[in-house]
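Residue strings, one per chain:
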Amino acid sequence: MTRVLSVGQEPETVDFSDPSLPPGSNAEKIQAGIDIAKTTMTERGWNGDTCMIAPDDSGIATLATQLASVDYDCIVIGGGPRLPPKGLPLFEKVVNAIHQGAPKAATAFNTPPEDTAQAAAR
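Report follows, based on the coordinates. (Residues numbered from 1 in each chain as written. Predicted model: local features only at pLDDT ≥ 70, side-chain atom pairs only at ≥ 80, totals over all residues. Heavy atoms only, no water.)

**Some thoughts on the nonpolar core**
Piece 1. Counting residues in each nonpolar core, the largest one holds 18 residues, and the members touching the most others are Leu-5, Ile-53, Leu-63, Leu-67, Ile-75 and Val-94.
Piece 2. At the level of elements, strand E1 (3-9), strand E2 (47-53), helix H2 (57-69), strand E3 (74-77) and helix H4 (88-101) are the ones that each hand at least two residues to this core.
Piece 3. Ranked by residue count, the leading element in this core is H4, at five residues.
Piece 4. In this view, Leu-63 contacts Leu-5, Val-7, Cys-51, Ile-53, Val-94, Ala-97 and Ile-98; residues no more than four positions away in its chain are not counted.
Piece 5. Counting residues in each nonpolar core, the second largest holds nine residues, with Trp-46, Cys-74, Ala-108 and Ala-120 among its members. (Core = buried A, V, L, I, M, F, W, Y, C linked by side-chain atoms within 4.5 Å. Buried < 20%, exposed > 50% of the residue type's maximum accessible area, 1.4 Å probe, protein only. Helix = DSSP H or I, 4+ residues; strand = E, 2+ residues; numbered from the N terminus. Contact = heavy atoms within 4.5 Å.)

**Observations regarding the environment of Asp-56**
Piece 1. Position of Asp-56 relative to the elements: it lies in the loop between E2 and H2.
Piece 2. By relative accessible area, which is 39% here, Asp-56 ends up partly exposed.
Piece 3. Spatially, the C-alpha atom of Asp-56 lies 7.0 Å from that of Leu-90, the residues being 34 residues apart in sequence.

**Things to note about the packing of H2 against H4**
Piece 1. Relative to each other, H2 and H4 sit at 20°, their axes nearing to 10 Å. Here H4 runs roughly parallel to H2, going by the angle between their axes. The element H2 and its partner H4 pack so that their crossing is right-handed. In this structure, H2 uses Asp-57, Ile-60, Leu-63 and Leu-67 to contact H4, whose residues at the interface are Leu-90, Lys-93, Val-94, Ala-97, Ile-98 and Gly-101.
Piece 2. Among the residues making up the contact of H2 with H4, the classes are represented as seven nonpolar, one polar and two charged. (Axes fitted to C-alpha atoms, helices over the stretch in contact; angles between N-to-C directions. Parallel < 35°, antiparallel > 145°, perpendicular 65-115°, else oblique. Left-handed = near helix turned anticlockwise from the far one by under 90°. Nonpolar A, V, L, I, M, F, W, Y, C, P; charged D, E, K, R; others polar.)

**Digging into the pattern of salt bridges**
Piece 1. Summed over all chains, the structure comprises four salt bridges.
Piece 2. As a salt-bridge pair, Arg-3 and Asp-49 come within 2.8 Å of each other at their nearest N and O atoms. Placement of Arg-3 in strand E1 and of Asp-49 in strand E2 is noted, with a sequence separation of 46 residues between them.
Piece 3. Residue classification places Arg-3 among the partly exposed residues on the basis of a relative accessible area of 22%.
Piece 4. Relative accessible area serves as the criterion here: at 17%, Asp-49 is assigned to the buried category.
Piece 5. Between Asp-15 and Lys-86 there is a salt bridge; the shortest N-O distance is 2.9 Å. (Salt bridge = Lys/Arg side-chain N within 4 Å of Asp/Glu carboxyl O.)

Everything listed here is a matter of geometry and, on its own, says nothing about what the molecule does.
Set out below in structure tokens:
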């Protein structure tokens with residue numbers, strides 16, 4: 001069975017006033033997209049996990065623990081750690097943690113959370 005991990009920033013820690021984020025984004029919309037992504041992955045017959053991280057070193061530790069627990073085929077990095085320019089240091093830490101903890105896994109990037117399965121399929 002294909003194993004996919006979706007990595008995102010805890011929605012309640014995202015600064016939605018940042019103009020680099022899609023207009024109208026909020027924690028509820030992000031969570032709804034995550035829920036759709038989980039359903040879509042299940043419909044494809046995949047085992048999909050979600051790892052929501054804090055935007056600090058504790059979040060990277062959470063990710064490292066998750067990566068050590070399962071071998072993933074693909075890891076999808078969401079917009080929370082990836083999009084805001086001020087989040088570049090977090091994004092770099094996420095990429096490096098994935099490189100260390102899952103060097104054989106493909107890496108993908110979603111647009112909204114609900115297209116996580118499509119990103120993993122690429």
